[in-house]
Amino acid sequence: MSNARRSSPRGAGLYAVVSIGLTIGFCACLCGCGAKSRPLDELQYWNGFTGPDGNITEPLIRDFQAASGLRVEVQKMPWSTYFDKLIAAIAAGDPPDLFVLHFSELAAYAEMGALLPLDDLVDADDSFVPHADRIESVWDRCMYEERRYGVPLDVHMLGLYYNKDLFDRAGLPYPSETEPITGDELIALAKALNVDEDGDGEPDIWGFTFGGAPFRNFSSLLWQFGGDLLSPGLDEVTIDSPAGHAALQWMVDCVEKHGISPQPEGLDTWQHFLQGRVALFTEGCWVLNGIKQNAKFRWGVAPLFVAGEQPAVWASGHVLCLSRNLPEARRANALRLMRYLSDTGVTWSTSGMIPARHSQITDPTFQADALLRPFVAQLDHVRFEPDSPVGIELRDRYEQSIVTALTGLAPVDVALDRAASRMRRVLAWWEE
Amino acid sequence: MPEPRRRVWTRARALNALFLVPYLALFLVWVIAPAIVGLGLSLTEWSIFTGEMHFVGLRNYLRVFQDDLFLRSLANTLYYTALSVILGNAFSLLMAYGLARGIRGKLVFQTIFFAPVVLSIGVTGVVWGWLYNGDFGLLNYWLESIGLPRVHWLSNPRWAMISVIIMVIWAGAGFNMMIYLAGMLNVPRGLYEAAQLDGANAWQQWIYVTIPLMKYTFAFTLTVSTIGAFQVFDQPYILTGGGPDYATYTLVYHIYSNGFRYFRIGYAAALSYLLALLIFGVVYVQYRLLTRTNVEY
């Protein structure tokens, strides 16, 4: 049979039409894949609680399900990937019913129109969470341009962790659990705790290290020395003020002048502390459970030291939010879950977080946890990062410069000038 | 006058076309449509959450000249691309050459060299993060054991990008090695025998026989490596977070930050198009240079 006989223009045309039709159908199918809707009694709660805090979430949600008859699907993702997925879900019009942000992210999300204002739903109704029960400074941090965009789940801040065994070996008294030590006292303690076992001139056990992200330590010190990152109107960069210089110089001196702290590098601090190679280190209250589970020595925690003229400690918090794109019919159940999570702040505090409500702070069960006391003692001195919509970008810019000073790659003046100029560029762009 | 050739649709041809449907659909949905939408977005300021859009013309493209981090990330990307492509391919070629010589246990070595390719970048990043650890990493332990000072691999801007490149070469060299190996084994043995009869030594055989006949293999591996290198993101994201002091901050990292961290979708789209143009330009020149002359034996 020849090709000419087998070919048929009509048949070929039909195949072409079928091909194109299938292509379009396939595309339409792909585009429509995400458009399914969930039943109203099935909630999605997204968060980044993948550590020990995630273990506390599970029983809480189980209890909520049993009491409410609603089903809750909890999606826990590492914070590093969480925001990419959250942004995509909100933008696609299929947001989770309830999700968690940090205080520092709230302004950007609110400014971009991602969040549902909650004034009428939460603030207008005193029975949701009585106003008198709210820790005002913490609840206010969930506002942006005088509108409420979230309900705080907790507040968390830095503390000073110490290895009791190393203190005992050096014959030193433990720091108070409610009164912060001064910067000079910290330096004296750390020098006494430095141990050079092999005599090579470099401590094998360091007296002190700055733990976690450098911006938390730096901003705490900046506030202690009376400075701030931005002017009160959030329109001028003030990081390179004399207070900024004093704060960064104090940090650099711990490394270079006093020799009590190694240069920062990645996650070393955490590992060093758990290995008994660091006597004192700064970190947030969220690591309490991690240390409880992993430390093979006796340890304690104290309020953050005060190196400047006034006590101040970096703090943030988890905030429960609803998306503006959440269908109205779903809001009632989402608010129900939100309220439940706020009401169970004492249970949540076992994850190492401080509740955002007075009644929970004074609750006997909460107060029985001695390890949380140093953090509660700092509540009057907590400071939050500026609630600027470009706060995250500003932080990214200055933190890189802080690290160069701490690693000895740039003098304090140069590092701060660079940080300030980068931040000013961000602000100028934003103001455009 | 000859009758003009008519394209005849046969049942077989139509069936072939039908097989293309899934690919075309995916290509349309995941490549063409986003590319067109992206081009449009690059001319706007778009709020990803509200859908609000303002046309800004070429402003996003012009803004790169005021963006110091764009220039920094561009310089980092070019540095990374040059080093990783040249060193990575040299390393792959060396490994392929060793295996092509018919060493004992060839299959075992092949498997060992290729194994890192199948690891996820997350795993590779964590492992190398530990190896590079300034205080208790294995690399510094070895350096100290031979009397050399420790290196702050990831916290020193001078070393950070080199550390990323070393990890990338280790993780990816096995892939190009397999392609080079296939290319080398494809060179007819007779040509080497003829070259030997003409008195060519091993080096001359390599220069005058192997390399010219592997021209298209080189063109493929270098092109693919270059495209991949320009798009580097995951490795510095996991290993260094773009630091220290933006030393490992690449163009794709900058696009990601602007798009998904700072919500400047229009600007991120413009950066993406500039990157695509850059890749196209470099790869076009590279491919033309590599395939300029035809080799016939």
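Note that the structure is predicted; figures quoted are calculated from it, not measured. Residue numbers here run from 1 along each chain, matching the order of that chain's written sequence. Just so you know, chain letters begin at A and ligand numbers begin at 1, following the order they were written in. Only residues with pLDDT of at least 70 get local features here, since the model is predicted, and only at 80 or more are side-chain atom pairs given and counted; chain-wide, interface and lining totals rely on the full set of residues. Processing note: side-chain calculations cover all non-hydrogen atoms of the structure and skip hydrogens and water entirely.

**Student:** Break down the overall build of chain A for me, with residues and values.
**Tutor:** The helix and strand labels rest on DSSP assignments: H or I over at least four residues marks a helix, E over at least two residues marks a strand, and numbering proceeds from the N terminus. In terms of regular secondary structure, chain A is built from 20 helices and 13 strands. If one aligns the C-alpha atoms of chain A with their principal axes, the spans along those axes are about 100 × 60 × 45 Å. When a residue's accessible area, from a 1.4 Å probe over protein chains only, is under 20% of the maximum for its type it is buried; when over 50% it is exposed; and in between it is partly exposed. Per-residue burial over chain A gives 57% buried out of 432 residues. For chain A, the share of sequence-separated contacts (at least 6 apart) that also reach a separation of at least 24 residues comes to 75%. Counting only carbon and sulfur atoms, one obtains 53% of the accessible surface of chain A, whose full area is about 17,600 Å². Seen as two clouds, the 36 positive and the 58 negative side-chain charges of chain A have centres 10 Å apart. Throughout, a residue-residue contact means that at least one pair of heavy atoms, one from each residue, lies within 4.5 Å. Only the protein chains shown count as cover for residues, with accessible areas throughout obtained via the Shrake-Rupley method and a probe of 1.4 Å. In this tally Asp and Glu are treated as negative and Lys and Arg as positive; neither His nor the chain ends contributes. Every charge is mapped onto a representative atom, which is NZ of Lys, CZ of Arg, CG of Asp or CD of Glu.

**Student:** Explain the interface of chain A and chain B to me, and be specific about the residues and the numbers.
**Tutor:** When the parts of a complex come together, some accessible area is lost, and that lost area is often taken as the interface size. Counting residues at the interface gives 45 residues for chain A, matched by 53 residues for chain B. In short, buried area is how much 1.4 Å probe accessible area vanishes from two parts on joining, totalled over both. Contact between chain A and chain B buries roughly 4,400 Å² in total, counting both sides, with carbon and sulfur atoms accounting for 60%. Here, a salt bridge means any side-chain nitrogen of Lys or Arg that lies within 4 Å of a carboxyl oxygen of Asp or Glu. Summed over the shared surface of chain A and chain B, the number is seven salt bridges. A salt bridge links E432 of chain A to R63 of chain B; the nearest nitrogen and oxygen atoms lie 2.7 Å apart. Pairs of N or O atoms are called polar contacts if they sit within 3.5 Å, as long as, within protein, a hydrogen donor faces a hydrogen acceptor (for residues adjacent in sequence, only side-chain-to-side-chain pairs). For the pair chain A and chain B, the number of links is 15 residue pairs in polar contact (both at pLDDT 80 or more). For the side of chain A that touches chain B, the elements supplying multiple residues, two or more each, are α2 (9-32), α4 (79-91), α5 (103-111), α12 (268-274), α19 (391-406) and α20 (412-431) of chain A. When residues in the side of chain A that touches chain B are grouped by element, the largest group, nine residues, is from α2 of chain A. Amino acid classes used here: Ala, Val, Leu, Ile, Met, Phe, Trp, Tyr, Cys and Pro are nonpolar; Asp, Glu, Lys and Arg are charged; the rest, including Gly, are polar. Counted by class, the side of chain A that touches chain B contains 18 nonpolar, 15 polar and twelve charged residues.

**Student:** Go over the confidence of the model for chain B with me, naming the residues and quoting the values.
**Tutor:** Values of pLDDT, ranging from 0 to 100, describe the predictor's confidence in every residue of the model. Averaged over chain B, the pLDDT score is 89; the fraction of residues at 70 or greater is 95%. Within chain B, helix α13 (residues 251-261) of chain B carries the highest mean pLDDT (95), whereas helix α1 (residues 11-19) of chain B carries the lowest (79).

**Student:** So what's going on with the side chain of D67 of chain B? Residues and values would help.
**Tutor:** All names here are of chain B. By secondary structure assignment, the location of D67 is in the loop between α3 (59-63) and α4 (68-100). A distance of 2.7 Å separates polar atoms of two side chains, one belonging to D67 and the other to H254. Within the structure, the side chain of D67 is placed 2.6 Å from the side chain of Y267, a separation counted as a polar contact.

**Student:** Tell me about the domain arrangement of chain B, and please be specific about residues and values.
**Tutor:** Residue and element names in this part refer to chain B. Domain annotation of chain B identifies domain 1 (11-60) and domain 2 (66-290). Listed per partner, the contact involves eleven residues of domain 1 and seven residues of domain 2. For the pair domain 1 and domain 2, the summed buried area comes to about 760 Å², and 75% of that belongs to carbon and sulfur atoms. Here domain 1 and domain 2 share zero salt bridges between them. Seen at the junction of domain 1 and domain 2, the total is one residue pair in polar contact (both at pLDDT 80 or more). Of all elements in the fold, only α2 (21-41) and β1 (44-46) reach the threshold of two or more residues within the side of domain 1 that touches domain 2. Looking at the side of domain 1 that touches domain 2, the element that brings in the most residues is α2, giving five residues. Tallied by class, residues from the side of domain 1 that touches domain 2 come to seven nonpolar, four polar and no charged. In this entry, domain limits derive from an automatic or database-based domain assignment.

**Student:** I'd like to hear about the packing of helix α5 (residues 106-118) of chain B against helix α8 (residues 157-185) of chain B, residue by residue, with values.
**Tutor:** Residues and elements named next belong to chain B. What counts as an axis is a line fitted to C-alpha atoms, over the stretch in contact for a helix, and the angles between N-to-C directions run from 0 to 180 degrees. Running from amino to carboxyl end, α5 crosses α8 at an angle of 135°, the nearest separation of the two axes being 5 Å. Comparing the axis directions of α5 and α8 gives the class oblique. Note on packing geometry: the crossing formed by α5 with α8 is left-handed. Taken together, the residues of α8 that come into contact with α5 (itself represented by K106, Q110, F113, F114, P116 and V117) are W170, A171, G172, G174, F175, M177, M178, L181 and L185. Among the residues making up the contact of α5 with α8, the classes are represented as eleven nonpolar, three polar and one charged. Angles are sorted into four bins: roughly parallel if under 35 degrees, roughly antiparallel if over 145, roughly perpendicular if 65 to 115, and oblique for all others. Crossings are classed by handedness, with left-handed meaning an anticlockwise turn of the near helix from the far one by less than a right angle and right-handed meaning a clockwise turn.

**Student:** Which residues make up the pairing of strand β9 (residues 278-284) of chain A, and what are the values?
**Tutor:** Along any regular strand the residues' side chains alternate between the sheet's two faces. All names here are of chain A. In terms of burial, β9 is a largely internal element, seven of the seven residues being buried. Note: two strands are recorded as paired if DSSP finds a minimum of 2 bridges between them. Relative to β9, strand β7 (residues 156-163) runs antiparallel, the two sharing five bridges. If you follow Y162 over to β9, its bridge partner there is L280. Note that strand β8 (residues 206-209) and β9 share three bridges and pair parallel. Looking at the pairing, W206 lines up with V278 of β9.

**Student:** Any details on α2 of chain B? Residues and values, ideally.
**Tutor:** Between the first and last C-alpha of α2 of chain B there are 28 Å, a value that for 21 residues agrees with the 30 Å anticipated at 1.5 Å per step. Of the residues making up α2 of chain B, those classed as buried are V21, A25, V29, G38 and L41 of chain B. In this analysis, the expected span of each helix is defined as 1.5 Å times one less than the number of residues it contains.

**Student:** With reference to specific residues and values, describe the sheet that holds strand β2 (residues 71-76) of chain A.
**Tutor:** All names here are of chain A. The mixed open sheet is built from five strands, whose spatial order is β2-β1-β3-β12-β6. Here the strands that pair on one side only, and so sit at the sheet edges, are β2 and β6 (151-152). Here two bridges tie strand β1 (residues 42-47) to strand β3 (residues 98-102), and the two strands are oriented parallel to one another. Following the sheet pairing, Y45 is matched in β3 by L98. Across the face of the sheet, helix α3 (residues 52-68) comes into contact with β1 and β2 while running at roughly 170° to β2. Against the sheet, α5 makes contact with β3, β6 and β12 (318-321), and its axis sits at roughly 115° relative to β3, the strand it touches most.

**Student:** Tell me what's going on with the domain arrangement of chain A, and back it up with residues and numbers.
**Tutor:** All names here are of chain A. Here the domain parsing of chain A yields domain 1 (42-155 + 317-384) and domain 2 (158-314 + 390-431). Placing a centre on the C-alpha atoms of domain 1 and another on those of domain 2 gives a separation of 28 Å. At the interface, 21 residues of domain 1 touch 27 residues of domain 2. Each partner contributes to the roughly 2,000 Å² buried at the junction of domain 1 and domain 2, and carbon and sulfur atoms together form 63% of this total. On the domain 1 side of the interface with domain 2, the three residues burying the most area are L371, F375 and R383, jointly 32% of the side's total. Notably, a salt bridge pairs R373 with E177, separated by 3.0 Å at the nearest N-O pair. Linking domain 1 with domain 2 are eight residue pairs in polar contact (both at pLDDT 80 or more). Elements supplying a minimum of two residues to the side of domain 1 that touches domain 2: α5, α18 (373-376) and β13 (382-384). Among the residues making up the side of domain 1 that touches domain 2, the classes are represented as ten nonpolar, six polar and five charged.

**Student:** Which residues make up the packing of aromatic side chains, and what are the values?
**Tutor:** The rule is short: rings of Phe, Tyr and Trp, with Trp giving its six-membered ring, pair when the centres are within 6.5 Å, and they are stacked under 30 degrees, edge-to-face over 60, tilted in between. The tally for this structure, following the rule as stated, stands at 44 aromatic pairs over all chains. Considering the side-chain rings of F210 of chain A and W250 of chain A, the 6.4 Å spacing of their centres and the 75° angle between planes classify their relative orientation as edge-to-face. Residue F210 of chain A is found in the loop between β8 and α10 (214-224), and its partner W250 of chain A is found in helix α11 (residues 242-256); the two are separated by 40 residues along the sequence. Accessibility expressed as a relative area gives 10% for F210 of chain A, which makes it buried. On the basis of an interplanar angle of 35° and a centroid distance of 4.6 Å, the ring pair of F273 of chain A and F281 of chain A is categorised as tilted. A relative accessible area of 0% means that F281 of chain A is categorised as buried. Clustering of aromatic rings is evident, with ring pairs tying together F49, W79, Y82, F83, Y109 and W348 of chain A together with F49 and F263 of chain B. To sit over a ring, a charge needs its Lys NZ or Arg CZ within 6 Å of the ring centre and within 35 degrees of the ring normal. Sitting above the plane of the F215 of chain A ring, R395 of chain A keeps its charged end 4.0 Å from the centroid. A cation over an aromatic ring shows up here: R264 of chain B above the ring of W429 of chain A, its NZ or CZ 3.8 Å from the ring centre.

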